[in-house]
Amino acid sequence: MNLDSAAAPLEVDALLDDPATRIIVCCGSGGVGKTTTAAALGVRAAERGRKVVVLTIDPARRLAQSMGIDSLDNTPRQVKGVEGPGELHAMMLDMKRTFDEIVEAHADGERARSILENPFYQSLSAGFAGTQEYMAMEKLGQLRSRDEWDLIVVDTPPSRSALDFLDAPKRLGSFLDGKFIKLLMAPAKMGGRAGMKFLNVGMSMMTGTLGKLLGGQFLQDVQTFIAAMDTMFGGFRTRADATYRLLQAPGTAFLVVAAPERDALREAAYFVQRLAAEGMPLAGLVLNRVHGSGASRLSAERARAAAENLEEGGIVDQEAGNGLPGTATPLAGSSPETAAGAPETVSDSTEKSTSASSPTPDPDTPSVTTVEQLTAGLLRLHAERMQVLAREQRTRDRFTALHPEVAVVEVAALPGDVHDLTGLRTIGDRLAAGRTSRPGRTA
């Protein structure tokens, strides 16, 4: 492994312009800027000529606000103000509404109504573990099958476990194929007298026990739900498998978004490994909110030493001869007469300053002490910034050393939050022009 070689650059514009790229999935741990990155990519792709839809799962509604939309829902809405030949649409996943749409599309009117009104279904569709991730997969599959957009940008759900949405089809399949579900479905599948005999003997024992634990009404709701959903279970698995294969297809590109922090990059490394294991096409890493400095040649150590000298008078209160022969070093903001004044002049001015008849000093004229303190404070702030830069560089170098094959783009931090299309364009510009980190380089 060559630590002196630069990480491969991530060419964002080439990725967005490629007509073969149909899906971009932004994934990463929480709080690293996935939603903003997804929105910025959508704006940039639209303004470069593509018809784009951005699907977000972020309930904070920041995407809607930044795009000038009052609210987002389960229907794509066109974003106004896009400058360019393309179009931009945005939507926010409504987990329950997506589930309802599946039921309505794959069940007749009476059965659909029975399912939608079932209390167990209402609980399942609103908050069952993994439902949000699965519905995100369903919605992605729906959008892609409509073939209405050139590019779909997906902002994946925030989750404690990396890439939960990839596990959603498997979890749903395990749930539907589980022994408990099969046991509850058995009477309906057996039918006739055999089914009734099974129900009267085996099921009565089981339902009696479970009824005490879960409540008889709850168990009945579950059985009713499963009986109504029986014909749809295979469709869930089939669509989930199809979407999973779609994510592995060449037209899909995953972008791992991370901040230049140890925990975020550790999570990003796990994402990279998991995507490789699942055979998912990884486009690269977006290293978000990277700090910089316009005075990087002044190291933290030199800045701190200069601040200490100022505070201790090591630079200001020099003896005659430390500057030019026979003179004292002039101070910033002081007149030549004051800088070269004799001791008796200083004493005289001190008496005048303490005299009741002396004029009030001009408050707009900074004192020597104020200038020293301000300069020392700025130097210490610079030293702290350089320490942050050095720490970020170490974390970047560690990641790129472990994953030299991953293309990386660094996005410089903005001074504030993004609230509008202008801010999203700025992020897009920085994504396209971002620099790549170089292992071994120091800030």
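Bear in mind that the values here come from a model prediction, so they are computed numbers and not experimental data.

**Considerations on the overall build of the protein chain**
For step 1, the next point in the chain: Helix and strand counts for the protein chain stand at 18 helices and eight strands.
For step 2, the next point in the chain: Scored against the burial criterion, the 443 residues of the protein chain give a buried share of 42%.
For step 3, the next point in the chain: Restricting to contacts in the protein chain with at least 6 residues of sequence separation, those with at least 24 account for 78%.
For step 4, the next point in the chain: Counting every atom, the protein chain has about 23100 Å² of accessible surface; 53% of that belongs to carbon and sulfur.

**Section: the pattern of salt bridges**
Once the charged atoms of two side chains with opposite charge are near each other, the side chains can pair.
For step 1, the next point in the chain: Summed over the entire model, instances satisfying the criterion amount to 19 salt bridges.
For step 2, the next point in the chain: One connected set of salt bridges, linked through shared partners, spans Asp13, Asp17, Arg44, Arg48 and Asp429.

**Observations regarding the sheet that holds strand E3 (residues 77–78)**
For step 1, the next point in the chain: A sheet is described by the order of its strands in space; here eight strands give the open sequence E3-E4-E2-E5-E1-E6-E7-E8, paired in mixed fashion. Either end of the sheet is taken by a strand with one partner, and the two such strands are E3 and strand E8 (408–412).
For step 2, the next point in the chain: Taken together, the two bridges between E3 and strand E4 (residues 87–92) define a ladder with antiparallel strand orientation. Bridging across to E4, arginine 77 finds its partner in alanine 90.
For step 3, the next point in the chain: Where helix H13 (residues 262–278) meets the sheet, it contacts strand E1 (23–27), strand E6 (252–258) and strand E7 (282–290), and its direction lies at approximately 160 degrees from that of E6.
For step 4, the next point in the chain: Sitting on the sheet, helix H18 (residues 421–433) is in contact with E7 and E8, with an inclination near 140 degrees to E8.

**Observations regarding the side chain of histidine 89**
For step 1, the next point in the chain: Its place among the elements puts histidine 89 in strand E4.
For step 2, the next point in the chain: Beyond its immediate sequence surroundings of up to four residues, histidine 89 is in contact with Lys51, Val52, Val53, Val54, Pro76, Arg77, Gln78, Val79 and Trp149.

**Concerning the packing of helix H2 (residues 34–47) against H18**
For step 1, the next point in the chain: Viewed as axis vectors pointing N to C, H2 and H18 meet at an angle of 85 degrees, and their least axial separation amounts to 8 Å. By the criterion of interaxial angle, the relationship of H2 to H18 is roughly perpendicular. Each of Thr36, Thr37, Ala39, Ala40, Leu41, Val43, Arg44 and Glu47 in H2 lies in contact with H18, whose residues at this interface are Leu421, Leu424, Arg425, Ile427, Gly428, Asp429, Leu431 and Ala432.

**What to know about the pairing of strand E5 (residues 151–155)**
For step 1, the next point in the chain: Within E5, five of the five residues are buried, which leaves it mostly tucked inside the rest of the structure.
For step 2, the next point in the chain: Burial along E5 is two-sided: the residues Leu151, Val153 and Asp155 and Ile152 and Val154 are all buried.
For step 3, the next point in the chain: In this sheet, E5 lies alongside E1 in parallel orientation, the contact comprising four bridges. Residue cysteine 26 lies in a different strand from E5, and its bridge partner there is aspartate 155.

**Quick notes on unusual backbone geometry**
For step 1, the next point in the chain: For aspartate 147, which is not a glycine, the phi torsion comes out positive at approximately 55 degrees.
For step 2, the next point in the chain: In this structure, aspartate 147 sits in the loop between helix H7 (131–146) and E5.
For step 3, the next point in the chain: Here the phi dihedral of arginine 289 falls at roughly 60 degrees; this positive angle occurs in a residue that is not glycine.
For step 4, the next point in the chain: Looking at where arginine 289 falls in the secondary structure, it is placed in strand E7.

**Topic: the confidence of the model for the protein chain**
For step 1, the next point in the chain: Across the protein chain, pLDDT averages 75, with 67% of residues at or above 70.
For step 2, the next point in the chain: Mean pLDDT in the protein chain bottoms out at helix H15 (residues 336–339), which sits at 40, and peaks at helix H1 (residues 12–17), which reaches 95.
For step 3, the next point in the chain: Overall, residues 191–214 carries pLDDT values under 50, and its contacts beyond four positions in sequence, including any with other chains, amount to 23 contacts.
For step 4, the next point in the chain: Below pLDDT 50 for its whole length, residues 437–443 participates in 30 contacts with residues either more than four positions away or in separate chains.

**Concerning the packing of helix H4 (residues 95–106) against helix H5 (residues 109–116)**
Pairs of packed helices are described in terms of their axes, by the angle between the two and the distance that separates them.
For step 1, the next point in the chain: Where H4 meets H5, the axes come as close as 8 Å, and the angle between the chain directions of the two elements is 155 degrees. One element, H4, and the other, H5, form an angle in the roughly antiparallel class. Note that H4 runs across H5; the crossing there is right-handed. Residue-level inspection shows Asp100, Val103 and Glu104 of H4 in contact with H5, the latter providing Ala112, Ile115 and Leu116.
For step 2, the next point in the chain: A breakdown of the residues in the contact of H4 with H5 according to their chemical character gives four nonpolar, no polar and two charged.

**Comments concerning a positive patch on the surface**
For step 1, the next point in the chain: A grouping of Arg262, Arg391, Arg394 and Arg398 is seen on the molecular surface, where their side chains present a positively charged patch.
For step 2, the next point in the chain: Among the structural elements, arginine 394 can be located in helix H17 (residues 368–402).
For step 3, the next point in the chain: Given a relative accessible area of 49%, arginine 394 falls into the partly exposed group.

**Points about the state of the cysteines**
For step 1, the next point in the chain: Taken as a whole and assessed by the stated rule, the structure comprises zero disulfides.
For step 2, the next point in the chain: Not engaged in a disulfide, the cysteine cysteine 27 finds its nearest cysteine sulfur in cysteine 26; these two sulfurs lie 7.7 Å apart.
For step 3, the next point in the chain: Look at cysteine 27 and you get buried, because its relative accessible area is 1%.

What counts and how
Residues numbered from 1 in each chain as written. Predicted model: local features only at pLDDT ≥ 70, side-chain atom pairs only at ≥ 80, totals over all residues. Heavy atoms only, no water. Helix = DSSP H or I, 4+ residues; strand = E, 2+ residues; numbered from the N terminus. Buried < 20%, exposed > 50% of the residue type's maximum accessible area, 1.4 Å probe, protein only. Contact = heavy atoms within 4.5 Å. Areas by Shrake-Rupley, 256 points an atom, 1.4 Å probe, with all protein chains shown as cover. Salt bridge = Lys/Arg side-chain N within 4 Å of Asp/Glu carboxyl O. Pairing = 2+ DSSP bridges. Axes fitted to C-alpha atoms, helices over the stretch in contact; angles between N-to-C directions. Parallel < 35°, antiparallel > 145°, perpendicular 65-115°, else oblique. pLDDT = per-residue confidence, 0-100. Left-handed = near helix turned anticlockwise from the far one by under 90°. Nonpolar A, V, L, I, M, F, W, Y, C, P; charged D, E, K, R; others polar. Patch = residues over 30% accessible without salt bridge, like charges linked within 9 Å, V, L, I, M, F, W, Y side chains within 5 Å. Lys, Arg positive; Asp, Glu negative; His and termini not counted. Charge placed at Lys NZ, Arg CZ, Asp CG, Glu CD. Disulfide = S-S within 2.5 Å.

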